[in-house]
Amino acid sequence: DLGDIEIVETYTKDFETICCLVDEVVVGGGPLMDIEPLNHILYAFMQAAKYGKIARIEGCGVGPLLNPLYIDVVSEIFRLADHITVRDSASARRAETDFGRKDIAVVPDPATNYVVNVKGSDRLRLPSDETTDTKKVACFLRKLTLEYKGDLDGESFDSLQQRFEAQLVQMLMYVSNSYHLELNLLPMHTFSVGGDDRKFNRKIVRDLET
């Protein structure tokens with residue numbers, strides 16, 4: 001039982017108030033990368049340090065992180081953190097090399113254990129009237145978004161996107177034909193912020209059919 005849970009909108013005075021009152025601040029899961037909302041994380045960690053509370057980084061990745069401003073912000077976030085776990089060894093190496101933190105644990109994505117558990121259970125078995133010999137593969141595909149633009153200009157990045165999508169379609173066709181698999185395109189994101197994967201999936205389907 002988690003008890004009472006209060007959701008506080010980030011872009012409000014309530015966010016600033018709650019950062020001064022909580023016993024612990026946790027940033028979890030998402031990447032520490034070249035995005036403006038890092039300033040909210042930094043503010044919360046600064047308040048935790050000011051009031052002697054715990055600041056925790058849990059299971060985050062680092063990058064894409066190229067902008068000097070955001071590099072400085074992430075460096076400060078790491079400096080203020082009391083406990084740190086990251087989700088891959090590359091993030092741990094960068095945290096040590098660029099941000100001077102060696103007291104970091106690498107933890108696997110909890111989704112990995114979930115998939116393993118589901119595969120070993122009866123939850124994947126279909127009812128007898130839906131049993132099929134066709135093997136299926138679930139694909140969670142995402143468009144190459146602006147966070148990965150780096151130093152490329154607009155035209156160069158558009159060209160990179162087109163090559164990426166063309167090669168992705170070729171790979172899907174190869175996998176499907178070589179292993180006789182039915183492709184299932186499923187979204188990770190279904191909201192506009194960061195891109196709606198359903199739109200990208202529809203484009204990939206059109207490309208596969210041409």
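This section reports on the structure supplied with the text. Because the structure is predicted, anything quoted here is derived from the model rather than measured.

**Points about the overall build of the chain**
When helices and strands are tallied, the chain shows seven helices and six strands. Taken over the C-alpha trace, the chain has a radius of gyration of 21 Å; the compact-globule value for 210 residues is 17 Å, which it surpasses by more than 25%. Judged by the C-alpha coordinates and their principal axes, the chain covers about 60 × 50 × 35 Å. Out of the 210 residues in the chain, the part that is buried amounts to 28%. Across the chain, the fraction of contacts at a sequence separation of at least 24, relative to all contacts at a separation of at least 6, is 66%. As displayed, the chain offers around 14400 Å² of accessible surface, 54% of which is attributable to carbon and sulfur atoms. In the chain, which carries 24 positive and 34 negative side-chain charges, the distance between the mean positions of the two groups comes to 3 Å.

**Structural notes on unusual backbone geometry**
Looking along the chain, the bond that leaves Gly63 and enters Pro64 is cis, with omega of 5°. Along the polypeptide, Pro64 turns up in the loop between strand 2 (54-60) and helix 3 (68-80). Of note, His180 is a non-glycine position whose phi angle comes to about 55°, a positive value. Here His180 shows up in the loop between helix 6 (154-179) and strand 6 (181-186).

**Overview of the pairing of strand 3 (residues 83-86)**
Relative to strand 3, strand 2 is paired through three bridges, and the arrangement is parallel. Residue pairing in the sheet places Cys60 in a bridge with Val86 of strand 3. Handedness of the crossover joining strand 2 and strand 3 through helix 3 is recorded here as right-handed. Once you follow strand 3 into helix 4 (residues 89-99) and on to strand 4 (residues 105-106), the crossover reads as right-handed.

**Observations concerning the sheet that holds strand 1 (residues 24-28)**
Remark on secondary structure: sheet strands pair via backbone hydrogen bonds, oriented parallel or antiparallel. Spatial strand order, 1-2-3-4: four strands in an open sheet with parallel pairing. Bordering the open sheet on either side are strand 1 and strand 4, each of which pairs with just one other strand.

**So, the packing of aromatic side chains**
This structure, assessed with the given rule, holds two aromatic pairs. Centre to centre, the rings of Phe15 and Tyr43 are 6.2 Å apart; their planes meet at 40°, and the pair counts as tilted. Note that Phe15 is positioned in helix 1 (residues 13-19) and Tyr43 in helix 2 (residues 38-50), a separation of 28 residues in sequence. Judged by relative accessible area, Phe15 falls into the buried class, the value being 15%.

**Quick notes on the environment of Ile84**
Here Ile84 shows up in strand 3. Along the backbone, Ile84 and Cys60 are 24 residues apart, and their C-alpha atoms lie at a distance of 8.7 Å. Not counting residues within four places of it along the chain, the set of residues in contact with Ile84 comprises Ile57, Phe78, Arg101, Asp103, Ile104 and Ala105.

**Details of helix 3**
The first and last C-alpha atoms of helix 3 sit 19 Å apart over 13 residues, in line with the 18 Å expected at 1.5 Å per residue. All of the buried residues along helix 3 are Tyr70, Val73, Val74, Ile77, Phe78 and Leu80. Within helix 3, the buried residues cover an arc of 170° as seen down the axis, which keeps them to one side. Residues of helix 3 that are exposed and point over 90 degrees away from its buried face: Pro68, Asp72 and Arg79.

**Section: the nonpolar core**
In terms of nonpolar packing, the biggest core is built from 28 residues, with Phe45, Ile57 and Phe78 touching the most fellow members. Counting residues per element, the ones that place at least two in this core are helix 1, strand 1, helix 2, strand 2, helix 3, strand 3 and helix 4. A per-element tally of this core places helix 3 first, with six residues. If near-sequence neighbours (up to four positions away) are discounted, Phe78 is found in contact with Leu32, Ile57, Val62, Ile84, Ala95, Phe99, Arg101 and Ile104.

**Section: the pairing of strand 2**
Bridge count between strand 1 and strand 2: five bridges; the pairing is parallel. Within the sheet, the bridge partner assigned to Gly28 lies in strand 2 and is Glu58. For the segment spanning strand 1, helix 2 and strand 2, crossover handedness is right-handed.

So, how was this worked out
Throughout, a residue's number is its position along its own chain's written sequence, starting from 1. Residue-level local features of this predicted model are given only where pLDDT is at least 70; pairs of side-chain atoms are given and counted only at 80 or more, and the full residue set underlies all totals for whole chains, interfaces and linings. Water and hydrogen atoms were dropped before computing side-chain values, which therefore reflect all heavy atoms in the structure. Helix numbers and strand numbers start at the N terminus; a helix is a DSSP run of H or I with at least 4 residues, a strand a run of E with at least 2. For the radius of gyration, the atoms used are the C-alpha atoms, and the globule rule reads 2.2 Å times the number of residues raised to 0.38. Only protein chains enter the calculation, and the probe is 1.4 Å; a residue is then buried if its accessible area is under 20% of its type maximum, exposed if over 50%, and partly exposed in between. Contacts are assigned to residue pairs with any non-hydrogen atoms lying within 4.5 Å of each other. Only the protein chains shown count as cover for residues, with accessible areas throughout obtained via the Shrake-Rupley method and a probe of 1.4 Å. Asp and Glu count as negative and Lys and Arg as positive, but His and the ends of the chain are not part of the count. One atom stands in for each charge, and that atom is NZ of Lys, CZ of Arg, CG of Asp or CD of Glu. At least two bridges found by DSSP between two strands is the condition for calling them paired. A clockwise path from the first strand over the helix to the second, with the strands pointing away from the viewer, defines a right-handed crossover. Put simply, two rings from Phe, Tyr or Trp (the six-membered ring, in Trp's case) pair if the centres are within 6.5 Å, and we call them stacked under 30 degrees between planes, edge-to-face over 60, tilted for the rest. The span expected for a helix works out to 1.5 Å for each residue beyond the first. Note that the arc is computed from the directions linking the helix axis to the C-beta atoms. In this description, a nonpolar core means a group of buried Ala, Val, Leu, Ile, Met, Phe, Trp, Tyr and Cys residues linked to one another through side-chain atoms lying within 4.5 Å.

Spatial relationships are all this shows, so hold off on functional conclusions.
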